[in-house]
Amino acid sequence: MSELEKAMIAIIDVFHQYSGKEGDKHKLKKSELKELINNELTHFLGEIKDQETVDKVMEALDCDGDAECDFQEFVVFIAMVTAACHEFFEHE
């Protein structure tokens, strides 16, 4: 399996480690999204401590307005963070 394929599987696995702890197992609630970011993306995004930040992140991701983050919305988020990291590291 290629490195890219392994990375894709890791993204899917991480999403499902956090989704469904509260309710729909195919979507992230705000608390699950916060936990995922704080555990899996702290080197790139830092730790989210306040609810207002979580609310803003969810609002930006929640395209269908259901107050949850489905996998498609999550992948867009990961792509945005990855693109921002690429741009940052490209200029170092």
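Some points on unusual backbone geometry
Most peptide bonds take the trans form, and the phi angle of most residues other than glycine is negative.
Piece 1. Of note in the backbone geometry, Ala 67 takes a positive phi value of approximately 65 degrees without being a glycine.
Piece 2. For Ala 67, the location among the structural elements is in the loop between α4 (51-61) and β2 (69-70).

A few points about α4
Piece 1. Among all positions in α4, only Val 54, Met 58 and Leu 61 are buried. The buried side chains of α4 occupy one side of the element, clustering within an arc of 65 degrees when seen end-on. Pointing more than 90 degrees away from the buried face of α4 are the exposed residues Lys 56, Glu 59 and Ala 60.

Digging into the packing of helix α1 (residues 3-18) against helix α2 (residues 30-40)
Piece 1. Viewed as axis vectors pointing N to C, α1 and α2 meet at an angle of 130 degrees, and their least axial separation amounts to 9 Å. The angle between α1 and α2 falls in the class oblique. Two packed elements cross with a definite hand, and for α1 against α2 that hand is right-handed. For the pair α1 and α2, the contacting residues are Val 14, Phe 15, Gln 17 and Tyr 18 in the first and Glu 32, Glu 35, Leu 36, Asn 39 and Glu 40 in the second.
Piece 2. Along the lines of polarity and charge, the residues of the contact of α1 with α2 split into four nonpolar, two polar and three charged.

About the cut-offs
Residues numbered from 1 in each chain as written. Predicted model: local features only at pLDDT ≥ 70, side-chain atom pairs only at ≥ 80, totals over all residues. Heavy atoms only, no water. Helix = DSSP H or I, 4+ residues; strand = E, 2+ residues; numbered from the N terminus. Buried < 20%, exposed > 50% of the residue type's maximum accessible area, 1.4 Å probe, protein only. Arc of directions from axis to C-beta. Axes fitted to C-alpha atoms, helices over the stretch in contact; angles between N-to-C directions. Parallel < 35°, antiparallel > 145°, perpendicular 65-115°, else oblique. Left-handed = near helix turned anticlockwise from the far one by under 90°. Contact = heavy atoms within 4.5 Å. Nonpolar A, V, L, I, M, F, W, Y, C, P; charged D, E, K, R; others polar.

These results come straight from atomic positions and should not be treated as a statement about function.
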